[in-house]
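# Observations on the model geometry
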Amino acid sequence: MKQRITPLVAPVPRDSKLVSLEQEIRFLFEEVADSLDQDEVERFPGYFIDDCIYQVVSRENYAEGLPQAAIYCEGINMVRDRVIALRETQVYVARIWRHFLSGIRVTAIDQGNVHVRSNFLVTEAMSDSEPTMFLVGQYLDVLVRVGNGLRFRQRLAVYDNHHIRRSLILPV
Amino acid sequence: MEQAMAEEVTARAAARHWPDEGWSRIPYWVYTDEALYQRELDTFFYGPTWNYVALECEVMERGSYKRSWIGERQVVVVRGNDDAIHVWENRCAHRGARVCWKNKGREDSFTCPYHQWNYALDGSLQGVPLKRGVLKKGGMPADFDNTQHGLRPLSVHVEGGSIWASFSGSPIPFDEYCGEEVLACMRRQFPGKKLRLLGYSRQLIPSNWKLYFENLKDPYHATLLHSFLITFGLWRADTQSESIPCDEGHSVMVSRNVGKKKTDAAAEIARFKEALELHDADTVTPRPEFDDGKVIAITHFPSVVIHQQANTFGMRHVIPKGTGSFELAWTFFGYEDDDEAMTRLRVRHANLYGPAGFVAMEDGEVLSESQLGVHHYGHHNAVVEMGGRETERQDHMVTEVLIRAFYKYYRRALGL
């Protein structure tokens, strides 16, 4: 079982290189969120390296160091299987989700691993009612450079909600 | 004429008259009636029954505690100085404020933040600040007796690492309440080995709490709705299985993990996806664990469904929140002596369950839609005749016998 990578917080020189890195990360995160909001979930695995960790996990489990997560993927194949299940098998009522991101911040750069912390808010709108605030939390990410781009070595969506209302259909 | 008949049906429903067909019908008012809900709480949750509250592995050390629920009442589960488990209402004996403000933790004693009444781990009152007043003024009456003002303790039973409590001082004996069949299945999964906590998931499902028990008394739906179970042979109608109704509203469903295979029966099931292949087959491939080869789900009424599926174990604690909503608190666990590979499989297979589970996600959806469907249709009934109209155990899963047996019990318990 792959252990979650502990987020690092270490001084990062706040220079023009960091500004452009944060800009690149912001662009990436918004692209990922947009692909989910646009129902293009097939693109999702492409943002991860093969040997990745992706979890949507409660703050309760995360804080206690408990391994179980609402969505638990170790390795890109499990991320791909989430997409297959969603498209091929899962029975759910269609709705619209929308991601709102804020506070994207590089907290450490360590041996090529870029540790990034940010906030997310996801709204959910059923087809016959108003949108509700569905999930709120923090991404704890570790990015690595692959070719010209950045990809996730780890993406943890640690949610603050005590409950998930109804069901969690889509990756966060 | 039609109008008169419709009025008659409405009047009988309004008078909470059970349909003449008996337990093969479920009137939809059972999911929405507020007065009935209160009677359910009093009878099933606050009566001489046993409710699941926690696992021992969540409160390992002396003074460690966990908040839990029985019906709509919050309780605290604490390991005492004598190593015994105590369960008390989280309600100060003084003014009713919650004494314990955190979901989990460890304390030497509990002090109500409001006026600092201090309680021992077992809930007994140890100290009242300013009890004798200040400068000979104020204070409690001389005859105020601490022993009469403790936190309300509950009866406690520990079964193989699972903790159960009752508001009654003289509950039905635990073994008797479970019955032989349920107890045997519990002891198979909880043989006394130490447990290891793997995590929690919490859902708020906008449906009546009983619909959840019915879902787990309905093997018929699982063979049709859940592609993952069907396709990967985790739960299929064409395997050797049993549907066993038990006393006190409990039941047991038994099946076997048979792997992915195509049979004539499977071909009839629309959601059998022969072409479906996963990139990571470990998610649906269990390691053999029980000698009997069985997969067992126990519905332990009224508080918990205990599952064993592939290599995932879970307590699904049902916490009602009014007629139209309940919390489903999942506690995933394994055994303390599991090897690393088994723990990995348990955590992977938990992807089947919880709010985003390949299987359970679909239950959250259909239960929510069921509540929306029955709302304002109290004069209509569900029809549960699959597998006949009787309530005896059956050796297959194409049946609603467990739901019928449950409503037979429910009507008797509530005098409906």
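Predicted model, so just to flag it, every value in this text is computed and none were measured.

Secondary structure summary: chain A contains three helices and seven strands in total. Taking 2.2 N^0.38 as the reference for a compact globule, 172 residues should give roughly 16 Å; the C-alpha atoms of chain A span a radius of gyration of 16 Å, in line with that estimate. The dimensions of chain A, computed from C-alpha atoms along their principal axes, are 50 × 35 × 30 Å. Of all 172 residues assigned to chain A, the portion counted as buried reaches 34%. Here the contacts in chain A between residues at least 6 apart in sequence split such that 61% fall between residues at least 24 apart.

Moving on, we come to the overall build of chain B. In terms of helices and strands, chain B carries eleven helices and 19 strands. The C-alpha radius of gyration of chain B comes to 24 Å, within 12% of the 22 Å expected for a compact globule of 416 residues. Seen through its C-alpha atoms, chain B measures out along the principal axes to roughly 85 × 70 × 35 Å. Counting across all 416 residues of chain B, residues that qualify as buried make up 46%. Counting only contacts in chain B whose residues sit at least 6 apart along the sequence, the fraction spanning at least 24 positions is 66%.

Turning our eyes to something else, we now look at the pairing of strand β12 (residues 195-205) of chain B. Working note: regular strand, side chains alternate between the two faces of the sheet. Residues and elements named next belong to chain B. Of all eleven residues that make up β12, nine are buried, and the element is covered over most of its length. Where β12 and strand β18 (residues 326-335) come together, ten bridges link them in antiparallel fashion. If you follow Leu204 over to β18, its bridge partner there is Glu327.

Below, the discussion takes up the pairing of strand β3 (residues 64-70) of chain B. Residues and elements named next belong to chain B. Here β3 lies mainly inside the structure; five of its seven residues are buried. The pairing of β3 with strand β6 (residues 104-106) spans three bridges and is antiparallel. Residue pairing in the sheet places Ser64 in a bridge with Arg106 of β6. Sheet topology places β3 next to strand β4 (residues 73-79); six bridges connect them, and they run antiparallel. From the neighbouring strand, Tyr65 faces β4, where its bridge partner is Val78. Remark: two residues form the turn of the hairpin made by β3 and β4, two consecutive strands paired antiparallel; Gly71 in that turn has positive phi of roughly 60°.

Glancing now at the interface of chain A and chain B. Opposite the 32 residues of chain A that make contact, chain B presents 38 residues. Of all the elements in the fold, those that place two or more residues in the side of chain A that touches chain B are β1 (48-58), α2 (59-64), β2 (71-74), α3 (76-89) and β7 (164-165) of chain A. In terms of residue count, α3 of chain A provides more of the side of chain A that touches chain B than any other element does, eight residues in total. Considering only residue class, the side of chain A that touches chain B consists of 16 nonpolar, ten polar and six charged.

Think of interface size as the accessible area that goes away when the parts come together; that is how it is often given. Residue and element names in this part refer to chain B. Taken domain by domain, chain B holds domain 1 (51-159) and domain 2 (196-414). A separation of 36 Å is found between the C-alpha centroids of domain 1 and domain 2. Facing the eight residues of domain 1 at the interface are eleven residues of domain 2. Looking at the side of domain 1 that touches domain 2 element by element, the count peaks at three residues for strand β2 (residues 51-55). Broken down by class, the residue content of the side of domain 1 that touches domain 2 amounts to four nonpolar, two polar and two charged.

This paragraph deals with the sheet that holds β3 of chain B. All names here are of chain B. With respect to topology, four strands assemble into an open sheet ordered β5-β4-β3-β6, the strand pairing being antiparallel. At either margin of the open sheet sits one strand with a lone partner, and together these are β5 (85-89) and β6. Pairs of neighbouring strands in the sheet enclose a mean axial angle of 30°, with direction left out of account. Where β4 lies against β5, five bridges are found, and the strand directions are antiparallel. Within β5, the position partnered with Val77 by the bridge is Val87.

Further remarks concern the sheet that holds strand β3 (residues 95-110) of chain A. Residue and element names in this part refer to chain A. Taken together, six strands build an open sheet; the order of strands is β2-β1-β6-β5-β4-β3 and the sheet is mixed. Each of the sheet's edge strands pairs with one partner strand only, and the pair in question is β2 and β3. Ignoring strand direction, the axes of neighbouring strands in this sheet form an average angle of 20°. Relative to strand β4 (residues 113-126), β3 runs antiparallel, the two being bridged by 13 bridges. Looking at the pairing, Val106 lines up with Val116 of β4. Contacting β1 and β2, α3 runs over the sheet at an angle of about 60° to β1.

Our focus in this paragraph is helix α10 (residues 360-374) of chain B. Residue pairs spaced three or four apart in an α-helix point in one direction, given the helix's 3.6 residues per turn. Residue and element names in this part refer to chain B. For α10, with 15 residues, the first-to-last C-alpha span of 21 Å sits near the 21 Å given by 1.5 Å per residue. The complete set of buried residues in α10 reads Ala360, Met361, Glu362, Asp363, Gly364, Leu367, Ser368 and Val374. Of the residues trailing α10, His376 is marked for its positive phi of about 70°.

Once that is clear, we can look at the nonpolar core. As a rule of thumb, soluble globular proteins bury nonpolar side chains together. In this structure, Val56 of chain A together with Val53, Val75, Val77, Tyr212 and Val252 of chain B are the most contacted members of the largest nonpolar core, which totals 148 residues. Sorting elements by how many residues they give to this core places helix α11 (residues 401-414) of chain B first, with eight residues. If you count residues domain by domain, this core takes at least three from each of domain 1 (51-159) and domain 2 (196-414) of chain B.

Right, let's talk about unusual backbone geometry for a bit. Residue and element names in this part refer to chain B. Put simply, Phe301 and Pro302 share a cis peptide bond, and its omega is 0°. Note that Pro302 resides in the loop between β15 (294-300) and β16 (304-309). In this structure, Gln116 takes a positive phi of about 60° despite not being glycine. Along the chain, Gln116 turns up in the loop between β7 (110-111) and β8 (118-119). Notably, Lys136 is not glycine yet its phi reads approximately 65°, a positive angle. Within the secondary structure, Lys136 is located in the loop between β9 (125-127) and β10 (155-159).

Of all the residues in helix α9 (residues 340-349) of chain B, the buried ones are Leu345, Arg346, Val347, Arg348 and His349 of chain B. Where the residues of α9 of chain B are buried, they touch β2 of chain A together with β12, β17 (312-320) and β18 of chain B.

With that out of the way, let us pick up the environment of Arg79 of chain B. All names here are of chain B. Along the chain, Arg79 falls in strand β4. When the 22 C-beta atoms within 10 Å are taken as the criterion, Arg79 is described as buried. Note: C-alpha distance between Arg79 and Tyr114 (35 residues apart in sequence) is 24 Å. Sequence-distant contacts of Arg79, defined by excluding residues within four places in its chain, comprise Val59, Glu61, Arg62, Gly63, Ser64 and Ile85.

Reading the values: rules and limits
Residues numbered from 1 in each chain as written. Chains lettered and ligands numbered in written order. Predicted model: local features only at pLDDT ≥ 70, side-chain atom pairs only at ≥ 80, totals over all residues. Helix = DSSP H or I, 4+ residues; strand = E, 2+ residues; numbered from the N terminus. Rg over C-alpha atoms; globule rule 2.2 N^0.38 Å. Buried ≥ 20, exposed ≤ 12 C-beta atoms within 10 Å, placed from the backbone. Contact = placed C-beta atoms within 7 Å. Pairing = 2+ DSSP bridges. Nonpolar A, V, L, I, M, F, W, Y, C, P; charged D, E, K, R; others polar. Domains from an automatic or database assignment. Axes fitted to C-alpha atoms, helices over the stretch in contact; angles between N-to-C directions. Expected span 1.5 Å × (residues − 1). Core = buried A, V, L, I, M, F, W, Y, C linked by C-beta atoms within 7 Å.

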